[in-house]
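Summary of the model geometry
If you want the building blocks of each chain, they are given just below.
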2 protein chains.
Amino acid sequence: MLIKVEVEKAARRIEQYIHQTPILTSQKLNDLSGAELYFKCENFQKVGAFKPRGALNFVLQLNEQELSNGLCTHSSGNHAQAVALAAQLTNTKAFIVMPNTAPEVKVKATQGYGAEVTFCAPNLKAREETLATIQKETGAVFIPPYNHEDIIAGQATVGKEIFEELKSVDFLITPVGGGGLLAGCALAASYFSPKTTVIAAEPSGADDVFRSFEAGKLFPSESPNTIADGLLTSLGPINFEIIKEHVTSIKLVTDEEIISGMKLIYQYLKIVVEPSSATVLALVLKHPEQFKGKRVALILSGGNVDLAKLPF
Amino acid sequence: MLIKVEVEKAARRIEQYIHQTPILTSQKLNDLSGAELYFKCENFQKVGAFKPRGALNFVLQLNEQELSNGLCTHSSGNHAQAVALAAQLTNTKAFIVMPNTAPEVKVKATQGYGAEVTFCAPNLKAREETLATIQKETGAVFIPPYNHEDIIAGQATVGKEIFEELKSVDFLITPVGGGGLLAGCALAASYFSPKTTVIAAEPSGADDVFRSFEAGKLFPSESPNTIADGLLTSLGPINFEIIKEHVTSIKLVTDEEIISGMKLIYQYLKIVVEPSSATVLALVLKHPEQFKGKRVALILSGGNVDLAKLPF
C-alpha cells in the first residue's frame, strides 16, 4: 500500500515540471448550490489535464538505461499527451498507440510533443496487440494510465495541493474513470486531511465504479456511453482497493446533468473544461441538501474539448 | 489631467470590492507568437469584465445624499452590470436603460444584482431620452461609462496591477471602444512603467479611434459593425486627449482575426473570453515581427459571451 511519504516524494519529484494549479471560486455558484465551492483547476495543468502528474512520477523514477528505448502507451486522450510530454522532458522517444477514431486535435497535440503515433482499430484488443508489437520492436517502457502505485501517487498531489491551500475541507469530490485521480486524492485526504469526506462523481452511462463499489467486487465497464469521454475506461484493481477503503460514496450523474454543470462552469467561472470535469458540479447540484453550508473542494480534471462541438 | 495619486487613490478605494485578477501565460501561445505573452484576466473580474473598477471608483466618491436617490445609466452590456453591482454594494437603487435588443443573459444578470431595467428602442437618442426621463423622476446620479476622469482612474488600476506584478513590460496592449480602459492603462504606464509602449487593438468594423488618432481630431463611430460587441461605442473626448498623449499606435484587426484569436485563447489558455478580449492576441499574431522576443502584457477585458452562439 502507498504510504504518505510516497505522495510527498512524488510531489517533490514532479514539482518543477508541473503547474501548481489555482483554486477558483464563484459567488454565483455558491449562491446556486448553497455550499462553499472551491474548484481546483487541472484544466490549466500542462497538456490541459491532471495526467502529467502521474506519468511524470512514474517516468522520473526510470534509470538511464530504461529511458534509452523510449516510453510507450495506448490512449485516446489525455494520458497520450502526458506520456509524450514526459518523454520530451526526459529526452527520450514516445510511442503512442491511438485508435483511428481519436479526435484530430488530440492526435496533433500528442505529435506536437514529438511523439510517434501509431493508429489501430478502436477496441482494446487492437490497442493492446499494436502496443505489444511496438514494445517488442523498440524495447520502450510501458507507462500505465492509472493501475499503478506510482501513477496513483502522482495524481495524489492534486489532493495534497488542495489540502495545503485550503484551511479545512468538508468534502472532496473528483470524477472517476480508471480511478487514478480518485484513489490518489482519497489517499491524500487520509494523510493530509482525515476529516474530509471523499466522494466520486461518475456518469450514469459508464457506471462500473458505482456498481463495483456497491457490490464490493470489480465489474468491468460494459459498452460505456457518455459525453464524458475521459471517464470511459474501466476501474483498475489497485485503484479499487484504495477506493474501497478511503472513499465514502460514488454518485451517478446523467449526461444532461453533466452538460448543465459544464455550461455553468463556462458561464460563471469563465473557464474551459471538458465534460468529465463537469460531473463534480453536477453531483453537488443534484444533492444540495448534503452540501449545504459545507466547504467543498471539486477537482476539474481537464479542459481538452473539441470547441466546435460544445454541447450547448 | 489625472495625476498619479488619483490612480493610487482609486486602487485603494476599490480594492476591497474587486478581484485582483490573475495573469496567465501559455507556452503554446508564446511559441506561436514568438513573444512572451502575459494575459491579464479581467474576464475573471466581478460581473465578468473590468467595468466595476471605474464604476466603483466613481460611486464610492458620492456622498450619502447623492447616493440616496440611486444610480442610473444606459448600457447594453458590461457597464450595466457594473453599475448594478456598485448600487448593490452601496445599498442604493440602480436604474438601467437597456435597448430592447440586449441579450437576455445580460438583462438577467443586471436584474440579478437588483437593478431596475427599463427597455427602449436600440438607438442612442432613445437611450438618452429614456434615461433623461428616469433621471428627472428619480433624481438618480448618472454613472458615465467611460468619458470621465474617475472612470478612467478606476480602469487605470488594471494597468497598475500589471506593472506591480510583472518585472518589466515592453508592450501593453488593450482593446479600445469608448477609451476608458485604454486611457487609464496608458496613464498607468506613464506613471508606473514609463518604458512600456502602449498600443490599442480596434476592430476594423468599428475604427473610429484609429481614424481619430490618425487625423488628430475626434470622429464619431458611424454604423459600427463587428463581432466585438463591447467595442461598438464612440471614443470619448476626455479619453481621446489622454490617448493622443500616451498611446503609441492604434492597430486594426478584422473579425476573422478576432475569431481566430478567440479560439486560440479558449484552446490554450482554457478560459472563456468575449470577442472584444481577443482583439489583443489577434493584433500580436498579425504583427509578429514587432513583438518577437518581447515581453507583452495583453488585457483580456471580459468574458461575457452568449455560449450558445460561439463563433467557432
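About the cut-offs
Residues numbered from 1 in each chain as written. Chains lettered and ligands numbered in written order. Predicted model: local features only at pLDDT ≥ 70, side-chain atom pairs only at ≥ 80, totals over all residues. Helix = DSSP H or I, 4+ residues; strand = E, 2+ residues; numbered from the N terminus. Rg over C-alpha atoms; globule rule 2.2 N^0.38 Å. Buried ≥ 20, exposed ≤ 12 C-beta atoms within 10 Å, placed from the backbone. Contact = placed C-beta atoms within 7 Å. Pairing = 2+ DSSP bridges. Nonpolar A, V, L, I, M, F, W, Y, C, P; charged D, E, K, R; others polar. Least-squares fit on C-alpha atoms with pLDDT ≥ 70 in both. Domains from an automatic or database assignment. Expected span 1.5 Å × (residues − 1). Bend = angle between axes of the 7 residues up to and from the residue. Axes fitted to C-alpha atoms, helices over the stretch in contact; angles between N-to-C directions. Parallel < 35°, antiparallel > 145°, perpendicular 65-115°, else oblique. Left-handed = near helix turned anticlockwise from the far one by under 90°. pLDDT = per-residue confidence, 0-100. Core = buried A, V, L, I, M, F, W, Y, C linked by C-beta atoms within 7 Å. Right-handed = clockwise from strand over helix to strand, strands pointing away. Arc of directions from axis to C-beta.

**Some points on the overall build of chain A**
Looking only at helices and strands, chain A features 14 helices and ten strands. Relative to a compact globule of 312 residues, whose C-alpha radius of gyration would be 20 Å, chain A shows 18 Å and is just as compact. Taking the principal axes of its C-alpha atoms as reference, chain A extends roughly 55 × 40 × 40 Å. When the 312 residues of chain A are sorted by exposure, 56% land in the buried category. Once local pairs closer than 6 in sequence are excluded, the contacts in chain A between residues at least 24 apart make up 74%.

**A look at the sheet that holds strand β5 (residues 116-120) of chain A**
All names here are of chain A. The strand order β5-β4-β3-β6 describes an open sheet built from four strands, whose pairing is parallel. The sheet is open, and its two edges are formed by β5 and β6 (141-142), each paired on a single side. Across four bridges, strand β3 (residues 71-74) lies against strand β4 (residues 94-99) in parallel orientation. Bridge pairing in β4 links leucine 71 to alanine 94.

**Quick notes on the interface of chain B and chain A**
Listed as interface residues are 15 residues of chain B and, on the opposing side, 15 residues of chain A. In terms of residue class, the side of chain B that touches chain A is built from nine nonpolar, four polar and two charged.

**Focus: the relation of the copies chain B and chain A**
Once turned by 180° and shifted 0.0 Å along the axis, chain B lies on chain A with an RMSD of 0.0 Å. Taken together, the rotation and translation relating the two chain copies correspond to the operation of a two-fold axis. Within chain B, the C-alpha atom positioned nearest to the axis of rotation is that of B:Ile271, 2.0 Å from it. Both copies contact each other with a shared surface, as 100% of the interface residues of chain B are interface residues in chain A too.

**Observations regarding the domain arrangement of chain A**
Residues and elements named next belong to chain A. We note that the domain assignment places domain 1 (4-49 + 148-309) and domain 2 (52-142) within chain A. Here domain 1 and domain 2 have C-alpha centroids that lie 24 Å from each other. Sort the elements by how many residues they give to the side of domain 1 that touches domain 2 and helix α8 (residues 149-165) lands first, with eight residues. Here the residues of the side of domain 1 that touches domain 2 are counted per class, giving ten nonpolar, nine polar and five charged.

**Quick word on α8(A)**
Residues and elements named next belong to chain A. Helix length check: α8, at 17 residues, gives a terminal C-alpha distance of 25 Å against a target of 24 Å (1.5 Å per residue), a fit within 8%. Approximately 25° is the largest bend angle found in α8, and it occurs at valine 158. A large share of α8 lies buried, amounting to 15 of its 17 residues.

**Describing the packing of helix α3 (residues 52-59) of chain A against α8(A)**
Residue and element names in this part refer to chain A. Packing of α3 against α8 leaves a shortest axis separation of 7 Å and a crossing angle of 135°. With respect to α8, the axis of α3 lies oblique. Every pair of crossing elements has a handedness; the one defined by α3 and α8 is right-handed. Across the interface between the two elements, Arg53, Gly54, Leu56, Asn57 and Phe58 of α3 pack against Asp150, Ile151, Ile152, Ala153, Gly154, Gln155, Thr157 and Val158 of α8. Here the residues of the contact of α3 with α8 are counted per class, giving six nonpolar, five polar and two charged.

**Description of the pairing of strand β9 (residues 249-253) of chain B**
Residue and element names in this part refer to chain B. By the criterion of burial, β9 is predominantly enclosed, with four of the five residues buried. Inspection of the sheet shows strand β8 (residues 197-203) paired to β9 by five bridges, in the parallel sense. Looking across to β9, one finds that alanine 201 is bridged to lysine 251.

**Some details on the sheet that holds strand β3 (residues 71-74) of chain B**
What links the strands of a sheet is backbone hydrogen bonding, and the strands pair in either a parallel or an antiparallel sense. All names here are of chain B. What the four strands build is an open sheet, ordered β5-β4-β3-β6; its pairing is parallel. In the strand order of this sheet, the two ends are held by β5 (116-120) and β6 (141-142), each with one partner. Pairing geometry for β3 and β6, over two bridges, is parallel. Residue pairing in the sheet places cysteine 72 in a bridge with phenylalanine 142 of β6.

**Things to note about the environment of A:Leu218**
By the element assignment, A:Leu218 lies in the loop between α10 (208-215) and α11 (237-246). Along the backbone, A:Leu218 and A:Lys46 are 172 residues apart, and their C-alpha atoms lie at a distance of 32 Å.

**Quick notes on the packing of helix α1 (residues 4-14) of chain A against α3(A)**
All names here are of chain A. Relative to each other, α1 and α3 sit at 95°, their axes nearing to 9 Å. When the axis of α1 is compared with that of α3, the two are roughly perpendicular. Facing α1, whose interface residues are Ala10, Arg13 and Ile14, α3 presents Arg53, Leu56 and Asn57. In the contact of α1 with α3, the residues fall into three nonpolar, one polar and two charged.

**Here's the deal with the confidence of the model for chain A**
When pLDDT is averaged along chain A, the result is 96, and 100% of the positions lie at 70 or above. In the predicted complex, the global pTM is 0.95; the interface-specific ipTM is 0.93.

**Focus: the nonpolar core**
Counting 205 residues, the largest nonpolar core has A:Val83, A:Cys185, B:Val83 and B:Cys185 as the members making the most contacts within it. If near-sequence neighbours (up to four positions away) are discounted, B:Cys185 is found in contact with B:Gln155, B:Ala156, B:Val158, B:Gly159, B:Leu172, B:Thr174, B:Val198 and B:Ile299.

**Some thoughts on the environment of B:Thr226**
All names here are of chain B. For threonine 226, the location among the structural elements is in the loop between α10 (208-215) and α11 (237-246). Separated by 19 residues in sequence, threonine 226 and aspartate 207 place their C-alpha atoms 9.9 Å apart. Ignoring sequence-local partners within four residues, the contact set of threonine 226 consists of Pro203, Gly205, Ala206, Leu231, Leu232 and Asp255.

**Some points on the pairing of strand β7 (residues 171-175) of chain A**
Residue and element names in this part refer to chain A. Along β7, five of the five residues are buried, which leaves the element largely enclosed by surrounding structure. Of the two faces of β7, the one carrying Phe171, Ile173 and Pro175 and the one carrying Leu172 and Thr174 are both buried. With respect to chirality, the unit in which β7 leads through helix α9 (residues 180-192) into the neighbouring parallel strand β8 (residues 197-203) is right-handed. One ladder, built from three bridges, connects β7 with strand β10 (residues 295-300); its direction is parallel. Looking at β10, one finds that leucine 172 is bridged to alanine 297.

**Notes on α1(A)**
Residue and element names in this part refer to chain A. All buried positions along α1 are accounted for by Val7, Ala10, Ala11, Arg13 and Ile14. What you see down the axis of α1 is that its buried residues fit within an arc of 165°, all on one side. Opposite the buried face of α1, at more than 90 degrees from it, the exposed residues are Val5 and Arg12. In this structure, the buried side of α1 is in contact with α3, α8 and α9.

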